[in-house]
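Listed below, chain by chain, are the residues.
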Amino acid sequence: MAIKKLLIANRGEIAVRIIRAAQELGIATVQVHSAADADSLAVKMADEAVNIGPPMASKSYLNIANILKAAAETGADAVHPGYGFLAENADFADAVEAAGLIWVGPKGSAIRVMGDKVAARVAAQSAGVPVVPGSDGRIDDPDQARALALKIGFPVMIKAAAGGGGRGIRIAQDIEEFDRLLPQASAEAKAAFGDGGLYMEKVIERARHIEVQILGDGTDVIHCFERECSLQRRRQKVWEEAPSAALPQAMREKLCASAVVLAKAVQYRGAGTLEYLYDDASGAFYFIEMNTRIQVEHPVTEMITGIDLVREMLRIAGGLPLRYSQNDVRLTGHAIEVRICAEDPAQGFKPGPGTISTLKVPGGPGVRFDTMLYQGYTVPPFYDSLLGKLIVWDETRAQAISRMARALGELEVGGLPTTKPLHQALARDAEVQAGQFHTRWLEPWLDQNADRLGEEA
Amino acid sequence: MSKQILSPLPGTFYSKPAPDQPPFKTVGDTVAPGDVIGLIEVMKSFHEIAADQAGTITAFIADDEEPVMAGQALIELA
């Protein structure tokens with residue numbers, strides 16, 4: 001049943017992106033918003049808007065009852081969750097379907113399996129997809145832990161089985177250090193979580209973050225090639241590319257095929273991303289997790305394949321089968337996306353909400369700027385700092401970097417600090433130009449280049 | 001005239017270090033310069049708000065989890 005009226009349960013640039021896709025398909029739109037977002041671009045663009053609560057996300061964008069009430073009151077027949085907020089909340093997916101609405105995403109059951117790290121790891125292993133070597137679940141016996149550490153090789157990460165959020169993680173470089181850290185880790189886990197059980201994993205050093213975009217209709221699955229997102233700060237992606245400059249063609253085919261096998265194994269429906277670590281030196285890749293939603297960096301995939309991923313999500317959710325076969329998906333040229341955030345890279349990335357005094361958007365061939373900004377808009381302090389994504393495409397990676405530098409030069413956002421100077425410095429960097437980086441490359445680089453990250457005169 | 005501690009930033013005010021923990025300060029507590037009286041969340045980053053003067057708290061003007069503007073009074077001191 002095709003979607004007639006779509007409720008967008010998100011905000012910011014992704015809400016604008018979803019409204020655009022809906023408009024092109026002739027679908028009416030309902031934008032739900034917090035009290036702080038009444039002036040947002042998405043609210044202005046949508047056919048209808050409903051205030052679902054106070055600024056705090058837990059009282060508005062995460063308020064399932066209010067979102068479903070807004071859907072009922074406006075007669076919306078589908079919900080697109082965007083990314084973040086409730087996008088990977090299986091209970092929300094179930095609640096939307098229980099209310100008789102179309103959920104633009106995978107079944108709640110697929111979100112549950114792939115959203116659970118251990119369950120996703122088991123699913124990957126049973127589909128024959130390599131995972132990071134480690135303990136398959138919790139480990140309580142110190143002798144068993146020691147034997148496993150020697151088997152998987154150092155460095156080894158030890159973390160609390162009951163923990164989360166990086167708490168209690170220790171890294172042992174060799175067996176002596178392991179013997180010293182293991183009792184500490186167990187004691188700390190017991191003190192913090194009341195459970196001394198541990199989990200172990202090999203540390204893949206100098207790994208690249210490479211992820212595969214897939215589209216499924218519940219039966220068939222295709223991939224739309226990979227993205228590389230190795231440039232990260234505090235585990236947040238900063239600069240993303242498609243394809244990866246590091247992947248030989250044979251490896252690309254192998255990696256992408258593994259993603260299709262795994263997505264098919266869970267009868268995946270909609271757009272999804274399988275994240276991997278890729279070790280340049282050995283050519284090995286390891287599945288780490290799946291994101292069961294559209295991702296921030298999806299435009300680089302759209303630029304190299306010509307496929308509108310958000311439109312396809314809406315078509316699939318409306319009950320249509322995939323309209324591309326794998327052979328229809330062609331990789332052409334190179335695309336780069338940079339995240340323009342309201343943060344000052346010269347001051348430790350201090351966030352700076354404020355009012356947009358001037359806005360000059362870059363244009364010309366191969367340039368796209370996905371944003372929720374407009375002149376006079378006041379960026380609220382209550383949500384993340386993403387203002388927009390500058391995306392470029394060109395025939396080669398080197399040309400794409402030149403084009404990015406040119407487009408960044410045209411971009412002017414006045415009234416608040418932005419991360420534009422960071423991206424300008426990255427575009428000029430010899431190692432970035434050579435594609436020589438890994439997930440721990442950017443943070444030391446930021447320390448060394450702190451003085452070059454101010455706004456240019 | 002009563003003294004006030006102002007929010008240096010716009011965002012969400014938290015009077016507790018975490019939802020399941022007691023507040024940093026309550027009415028009747030004395031504060032010294034540098035004492036943390038709350039947190040402001042700005043774009044998902046948390047900033048400690050320290051008292052810039054000494055006194056005894058007579059009232060919270062901003063409630064826990066309430067949106068605040070930069071320059072808005074958070075606490076009244078006597």
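The sections below set out a description of the structure shown in this document.

What counts as what
- Residues numbered from 1 in each chain as written.
- Chains lettered and ligands numbered in written order.
- Predicted model: local features only at pLDDT ≥ 70, side-chain atom pairs only at ≥ 80, totals over all residues.
- Heavy atoms only, no water.
- Contact = heavy atoms within 4.5 Å.
- Salt bridge = Lys/Arg side-chain N within 4 Å of Asp/Glu carboxyl O.
- Helix = DSSP H or I, 4+ residues; strand = E, 2+ residues; numbered from the N terminus.
- Nonpolar A, V, L, I, M, F, W, Y, C, P; charged D, E, K, R; others polar.
- Buried < 20%, exposed > 50% of the residue type's maximum accessible area, 1.4 Å probe, protein only.
- Axes fitted to C-alpha atoms, helices over the stretch in contact; angles between N-to-C directions.
- Parallel < 35°, antiparallel > 145°, perpendicular 65-115°, else oblique.
- Pairing = 2+ DSSP bridges.
- Expected span 1.5 Å × (residues − 1).
- Arc of directions from axis to C-beta.
- Phe/Tyr/Trp six-rings, centres within 6.5 Å; stacked < 30°, edge-to-face > 60°.
- Core = buried A, V, L, I, M, F, W, Y, C linked by side-chain atoms within 4.5 Å.
- Domains from an automatic or database assignment.

1. A closer look at the interface of chain B and chain A
Here is step 1: At the interface, 12 residues of chain B touch 14 residues of chain A.
Here is step 2: Viewed at the interface, chain A and chain B are joined by one salt bridge.
Here is step 3: Taking the shortest distance from any N to any O, the salt bridge between Lys 59 of chain A and Glu 65 of chain B comes out at 3.4 Å.
Here is step 4: Among the elements of the structure, strand S2 (11-14), strand S4 (36-42) and strand S5 (45-50) of chain B are those that each provide at least two residues to the side of chain B that touches chain A.
Here is step 5: The dominant element in the side of chain B that touches chain A, judged by the number of residues it contributes, is S2 of chain B, at three residues.
Here is step 6: Residues belonging to the side of chain B that touches chain A are distributed by class as follows: five nonpolar, four polar and three charged.

2. Describing the side chain of Ser 40 of chain A
Residues and elements named next belong to chain A.
Here is step 1: One can find Ser 40 in the loop between strand S2 (28-33) and helix H2 (41-45).
Here is step 2: We classify Ser 40 as buried; its relative accessible area is 9%.
Here is step 3: Apart from the residues lying within four places of it in its own chain, the contact partners of Ser 40 are Tyr 374 and Tyr 377.

3. Section: the packing of helix H4 (residues 90-98) of chain A against helix H5 (residues 108-115) of chain A
Any two packed helices are characterised by the angle at which their axes cross and by the distance between the axes.
Residues and elements named next belong to chain A.
Here is step 1: Interaxial distance between H4 and H5 falls to 8 Å at its minimum, and their mutual angle equals 175°. Relative to H5, the element H4 lies roughly antiparallel. Where H4 approaches H5, its residues Ala 90, Asp 91, Ala 93 and Asp 94 are matched on the opposing element by Gly 108, Ile 111 and Arg 112.

4. Side note on the sheet that holds strand S1 (residues 3-6) of chain B
Residues and elements named next belong to chain B.
Here is step 1: Spatially, S1-S8-S6-S3 is the arrangement adopted by the four strands of the open sheet, whose pairing is antiparallel. Whereas interior strands pair on both sides, the edge strands pair on one side only; in this sheet they are S1 and strand S3 (30-31).
Here is step 2: Note: S3 against strand S6 (residues 55-60), two bridges, orientation antiparallel. Looking at the pairing, Thr 30 lines up with Thr 56 of S6.

5. A few points about helix H12 (residues 397-410) of chain A
Residues three or four positions apart in an α-helix share a direction because the helix packs 3.6 residues into each turn.
All names here are of chain A.
Here is step 1: Over its 14 residues, H12 extends 20 Å from the first C-alpha to the last, a length consistent with the 20 Å expected when each residue adds 1.5 Å.
Here is step 2: For H12, the complete set of buried residues consists of Arg 397, Ala 400, Ile 401, Arg 403, Met 404, Ala 407 and Leu 408. Within H12, the buried residues cover an arc of 165° as seen down the axis, which keeps them to one side.

6. Thoughts on unusual backbone geometry
Here is step 1: Phe 154 of chain A connects to Pro 155 of chain A through a cis peptide bond whose omega is -5°.
Here is step 2: Note that the residue after Ala 242 of chain A, namely Pro 243 of chain A, is joined by a cis bond; omega there is -5°.
Here is step 3: You can see Pro 243 of chain A is positioned in the loop between strand S11 (236-242) and helix H9 (249-265).
Here is step 4: Positioned with a positive phi, Arg 206 of chain A is a non-glycine residue whose angle comes to about 50°.
Here is step 5: You can see Arg 206 of chain A is positioned in the loop between strand S8 (198-202) and strand S9 (207-217).
Here is step 6: Since its relative accessible area comes to 60%, Arg 206 of chain A is described here as exposed.
Here is step 7: The phi dihedral of Met 43 of chain B falls on the positive side, at around 50°, and the residue is not glycine.
Here is step 8: Among the structural elements, Met 43 of chain B can be located in the loop between S4 and S5.
Here is step 9: Taking relative accessible area as the criterion, Met 43 of chain B reaches 6% and is therefore assigned buried.

7. Observations concerning the packing of aromatic side chains
Residues and elements named next belong to chain A.
Here is step 1: According to the stated counting rule, one finds 11 aromatic pairs over all chains in the structure shown.
Here is step 2: Plain terms: the ring middles of Tyr 374 and Tyr 377 are 5.2 Å apart, the flat faces sit at 45° to each other, and that makes the pair tilted.
Here is step 3: Given a relative accessible area of 2%, Tyr 377 falls into the buried group.
Here is step 4: For the ring pair Trp 441 and Trp 445, a centre distance of 5.7 Å and an interplane angle of 25° mean the geometry is stacked. Trp 445 carries the same exposure label as Trp 441, and that label is buried.
Here is step 5: Through successive ring pairs, a cluster of aromatic residues spans Tyr 61, Phe 85, Phe 382 and Tyr 383.

8. Observations regarding the environment of Ala 342 of chain A
Here is step 1: For Ala 342 of chain A, the location among the structural elements is in the loop between strand S14 (334-341) and strand S15 (343-344).
Here is step 2: By relative accessible area, Ala 342 of chain A is classed as buried at 0%.
Here is step 3: Separated by 74 residues in sequence, Ala 342 of chain A and Leu 416 of chain A place their C-alpha atoms 6.6 Å apart.
Here is step 4: In contact with Ala 342 of chain A, not counting residues within four places along its chain, are Lys 350, Pro 351, Gly 352, Ser 385, Leu 387, Leu 416 and Pro 417 of chain A together with Met 43 of chain B.

9. Quick notes on the pairing of S14 of chain A
All names here are of chain A.
Here is step 1: Here S14 lies mainly inside the structure; eight of its eight residues are buried.
Here is step 2: Alternating residues of S14 divide into His 334, Ile 336, Val 338 and Ile 340 and Ala 335, Glu 337, Arg 339 and Cys 341, and every residue in both groups is buried.
Here is step 3: With eight bridges connecting them, S14 and strand S21 (residues 386-394) associate as antiparallel partners. Paired with Ile 336 across the two strands is Val 392, which belongs to S21.

10. Focus: the nonpolar core
Residues and elements named next belong to chain A.
Here is step 1: Ranked by internal contacts, the top residues of the largest apolar core, which has 95 residues, are Ile 3, Leu 6, Leu 215, Trp 239, Leu 426 and Trp 445.
Here is step 2: Here this core takes seven residues from helix H1 (residues 12-24), the largest share from any one element.
Here is step 3: When residues of this core are sorted by domain, at least three fall in each of domain 1 (5-104) and domain 3 (207-452).
Here is step 4: Listed in part, the 26 residues of the second largest apolar core include Val 131, Ile 214, Ala 263 and Phe 287.

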